Every structure is written in C-alpha cells, then in structure tokens.
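Structure assessment
The residues making up each chain are set out below.
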Amino acid sequence: MHVRSGPLILILGVFLVAAALVFVAGCTDTSSSKTPPPTPVYSPKTTILIGSASVNPQILVIDKGVTVTWINTDIGNHIVTSDPGMPDAFTSPLLVTNHRYQFSFTIPGTYTYHCADNAAIRGTIIVNK
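Residues numbered from 1 in each chain as written. Predicted model: local features only at pLDDT ≥ 70, side-chain atom pairs only at ≥ 80, totals over all residues. Heavy atoms only, no water.

1. What to know about the sheet that holds strand β6 (residues 100-104)
For clarity, the cut-off: If DSSP finds at least two bridges between two strands, the strands pair. Elements are defined by DSSP. Helices are runs of H or I of four residues or more, strands are runs of E of two residues or more, and each kind is numbered from the N terminus.
Here we have four strands laid out as an open sheet, ordered β2-β1-β4-β6, and mixed in their pairing. Each edge of the sheet is formed by a strand with only one pairing partner; in this case those strands are β2 (55-56) and β6.

2. What to know about the pairing of strand β7 (residues 109-115)
In the sheet, strand β5 (residues 80-82) pairs with β7 via three bridges, with the strands oriented antiparallel. Paired with T81 across the strands is H114, a residue of β7. Where β7 lies against strand β8 (residues 118-128), seven bridges are found, and the strand directions are antiparallel. What sits directly across from T110, in β8, is I126. Hairpin geometry of β7 and β8 is characterised by an intervening segment of two residues between the two adjacent antiparallel strands.

3. Focus on the environment of A119
Quick note on the threshold: Only protein chains enter the accessibility calculation, which uses a 1.4 Å probe; a residue is then buried when its area is under 20% of its type maximum, exposed when over 50%, and partly exposed in between.
Within the secondary structure, A119 is located in strand β8. With a relative accessible area of 51%, A119 lands in the exposed category.

4. Observations regarding unusual backbone geometry
Omega for the bond connecting N56 with P57 falls within 30 degrees of zero, at 0°, which places this linkage in the cis form. Examined against the element boundaries, P57 turns out to sit in the loop between β2 and β3 (59-63). Although it is not a glycine, N98 adopts a positive phi angle of roughly 70°. Since its relative accessible area comes to 60%, N98 is described here as exposed.

5. Details of the sheet that holds β3
Just so we agree on the cut-off: Only the contacting stretch of a helix is used when fitting its axis, a line to C-alpha atoms as for every element, and angles between N-to-C directions run 0 to 180 degrees.
Spatially, β3-β8-β7-β5 is the arrangement adopted by the four strands of the open sheet, whose pairing is mixed. In the strand order of this sheet, the two ends are held by β3 and β5, each with one partner. Direction aside, neighbouring strands of the sheet carry axes that sit 30° apart on average. Pairing analysis gives five bridges linking β3 to β8, with the strands arranged parallel. Bridging across to β8, I59 finds its partner in T124.

6. Let's talk about the pairing of β6
Side chains Y101 and F103 project from β6 onto a buried face, and the interleaved R100, Q102 and S104 project onto a face without burial. Across five bridges, the pairing between strand β4 (residues 67-72) and β6 is antiparallel. Residue pairing in the sheet places I71 in a bridge with R100 of β6.

In structure tokens, the structure reads:
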C-alpha cells in the first residue's frame, strides 16, 4: 500500500507552526510596561479592622511614630474619627468596603475614636513615648 506523504507533511507542518505560536504567545508579556504597585502588607500590630458592629482590636498599643491602618471589612460605609479633645485629631474619608485609612501617631497619649456613622463602633489607641 502506498501512502502519499504530501498532505501528511503539510498537516504536521501546520500543527508544528501552531504549537510554536502558542508557545511564543505564552512567553510574551502583552501587558503594559507599568509594574503594578505592590500589595500592601498589613500587620496585626498596626491594623484595625472595621466591622458592622465593632473594630478589631478595640484597644491597640503602639509606639510614637507608628502608622495605624484601618480597613473597612464591612459591606457598609464607615468614617473613623477621633473623639473631641484627643492629642492629635484625625478623621478618615468615607471608607467603602475594603478601603483603608492610615494615620501616623506622633504625639504620645491615649486616643479614643468612633465611627461617625455608628457611635457604637469605638476603639482606643494608646501611643507610648
């Protein structure tokens, strides 16, 4: 039996070219040349999670100069604000789900704060010298 090799070689050639194109496409970076910003790393020692009824932790002790990060883990919106008379006042913008607010504490003291939308959501930050 005689087999014609022409069509077989053509099909094999097309297959090899297609495989090479798939390989090259997988190795080529088609994204923009901008490098995405690094994902922020949060420490339980400096991060406060805002929930629907409370913050966690409710009391945070830090050293002077530390930046605290509040993250809204609730589906509702929140605004974190210091209580009147605190050594250094702060108020976050409106925090929607998964948004964060940061504040650096440079003045030692005890800071109490609350959610402007829900005064039952309260916390305390103690800033050591």
